[in-house]
Amino acid sequence: MKQTNKFIEIVPDYARAYTRLYSEDYMAHPANSVINDFDIIEYVIFNPKRTISKSAIAQMEEHLDKKVRVVVIRNCIKYLIYLLKNRNGAVVFANDRILSSFIVGLICKKTVFMSHQSNLPEGILKRLIFQFFIKRFNLIKVSNPFEKEELIHRGIKKEKIKYIPLAIDYQYFSKKRKDLTKLKEKHKIKKDDKLILYLGNIRKFKNPYNLLKALKYANKNDNKIKLIIIGLDQLQLEGGLRINEFAKKLDISDNIIPLGALPPKQIVPFIQISNLGVIPSHHEGQCLVAYEFASAGLPLCLSNIGSFTSVFKNSALFCNPDDYKTLASNIIRYLNDPELVKKHAAINRRIVKERCDYDTIKSKLRELFVSLK
């Protein structure tokens, strides 16, 4: 009996970051990359508890090719039956470090796994469990060199690990916008203000409190540094103070410009008027924002985590995620050294252009999945 020529992408949800750019929709790219290579392409969402929002459904319809069939499974038994039914003929791409993805490597024969995280699980037992499952996959996709090295150290054969970054729309973020004087006036930004930018959902692992501490420390000599914050504040849901509340506690409310979540068309002008971008996270997978900042020529103040240091190496300023004094020093150094900014910006632009072009990533994804047919 002839096996079905099928590609399956399995996700726990249709993740929606702040961006709605088609060219950066990493959830849709894998399925879209093999449209001409498989007779059947299914995008499987398995999550018994979560309700899929109308906005997520709308984005799926907008970004997934019409050939891709969306399948929602909420029952564990039905999910197992689905995997067993497709175990021999389908190429299956499982996403996220969760049990429903791990078992794909045990059941199906043509499999690819992506963790979407760079750091290994904490604790010996969790690492051993993680190692057991991912060894069962044929191939593993990673989005930065650090993640690849971590897996090799855990005994995964390097030929099974494929480094393919997430795509970045370099042209969109590098394009200069028109005069932005009115934008500055609207937000009461003065001519001598220095602007640093945080972009992304505001969560504890993103380390926003430490960023505000660094802002206060950097302004101790009246440096007139303001922080633009773009993103959905989720801190209260995590049991913490909202960003406005913490800023008030530090007495730096006048130094922050909190804008909430914005669509890409409204975000880019703020990137253009900023002097540098800051990402103080405790952990990240790839972090699209760092590459978007780099595309726009913004110098990067980053945490010294492997997903950043393995890519930007000598072209960004790094510090321990909890070291707000060094972060403040790095911010001031960039603000006072235009030649260093120019040097680092040129290197980082080249990194994004060479590694993260959409067509290049699409071709590499296609090659990855077709190799298992």
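In the block above lies the structure referred to throughout.
Residues numbered from 1 in each chain as written. Predicted model: local features only at pLDDT ≥ 70, side-chain atom pairs only at ≥ 80, totals over all residues. Heavy atoms only, no water.

1. Remarks on the overall build of the protein
Secondary structure assignment for the protein yields 16 helices and 13 strands. Here the C-alpha atoms of the protein give a radius of gyration of 22 Å, agreeing with the 21 Å that 2.2 N^0.38 yields for 373 residues. Seen through its principal axes, the protein has C-alpha atoms that stretch 75 × 45 × 40 Å. Contacts spanning at least 24 positions in sequence make up 70% of the contacts within the protein whose residues lie at least 6 apart. Only carbon and sulfur atoms are counted for the fraction: they give 51% of the accessible area of the protein, which is about 18,100 Å². Across the protein, the 64 positively charged side chains and the 37 negatively charged ones have centroids separated by 3 Å. (Helix = DSSP H or I, 4+ residues; strand = E, 2+ residues; numbered from the N terminus. Rg over C-alpha atoms; globule rule 2.2 N^0.38 Å. Contact = heavy atoms within 4.5 Å. Areas by Shrake-Rupley, 256 points an atom, 1.4 Å probe, with all protein chains shown as cover. Lys, Arg positive; Asp, Glu negative; His and termini not counted. Charge placed at Lys NZ, Arg CZ, Asp CG, Glu CD.)

2. So, the sheet that holds strand β2 (residues 40-46)
On the basis of which strands lie adjacent, the open sheet formed by seven strands has the order β3-β2-β1-β4-β5-β6-β7 and parallel pairing. On the outer flanks of this sheet lie β3 (68-73) and β7 (161-163), each paired with one strand and no other. The average undirected angle you get between the axes of adjacent strands in this sheet is 20°. Pairing geometry for β2 and β3, over six bridges, is parallel. Bridged to Phe-46 within β3 is Ile-73. Sheet strands in contact with helix α16 (residues 358-370) are β1 (6-11), β4 (90-95), β5 (110-114), β6 (139-142) and β7, and its direction is about 165° off that of β6. (Pairing = 2+ DSSP bridges. Axes fitted to C-alpha atoms, helices over the stretch in contact; angles between N-to-C directions.)

3. A short note on the sheet that holds strand β11 (residues 276-279)
Ordered by their spatial adjacency, six strands build an open sheet running β10-β9-β8-β11-β12-β13, and the pairing between neighbours is parallel. Two strands bound the open sheet, and with one partner strand each, they are β10 (256-260) and β13 (317-319). For this sheet the average axis-to-axis angle between neighbouring strands, irrespective of direction, equals 20°. Note: β11 against strand β12 (residues 300-303), three bridges, orientation parallel. Paired with Val-278 across the bridge in β12 is Cys-301. Those strands touched by helix α9 (residues 208-218) are β8 (194-199), β9 (225-230), β10 and β11, and its axis lies near 160° from that of β9.

4. Remarks on the state of the cysteines
What makes a disulfide is a covalent bond joining the sulfur atoms belonging to two cysteines. Scanning the model with the defined rule gives zero disulfides in all. We note that Cys-76 lacks a disulfide partner, and the nearest cysteine sulfur, in Cys-108, lies 16 Å from it. In this structure Cys-76 comes out as partly exposed when scored by relative accessible area, which is 47%. Between Cys-319, a free cysteine, and Cys-301, which holds the nearest cysteine sulfur, the sulfur-to-sulfur gap is 7.5 Å. Classification of Cys-319 by relative accessible area gives buried; the value is 7%. (Disulfide = S-S within 2.5 Å. Buried < 20%, exposed > 50% of the residue type's maximum accessible area, 1.4 Å probe, protein only.)

5. Focus on helix α15 (residues 338-355)
A rise of 1.5 Å per residue sets the reference length of α15, with its 18 residues, at 26 Å; its end C-alpha atoms lie 26 Å apart and thus fit the reference within 8%. Buried within α15 we find Leu-340, Val-341, His-344, Ala-345, Asn-348, Ile-351 and Val-352. With its buried residues spanning 125° around the axis, α15 presents them on a single face. For α15, the exposed residues set more than 90 degrees away from the buried face come down to Glu-339, Lys-342, Lys-343 and Glu-354. Of the surrounding elements, those touching the buried residues of α15 are α7 (170-174), α12 (288-295), β12, α13 (306-312), β13 and α14 (324-336). (Expected span 1.5 Å × (residues − 1). Arc of directions from axis to C-beta.)

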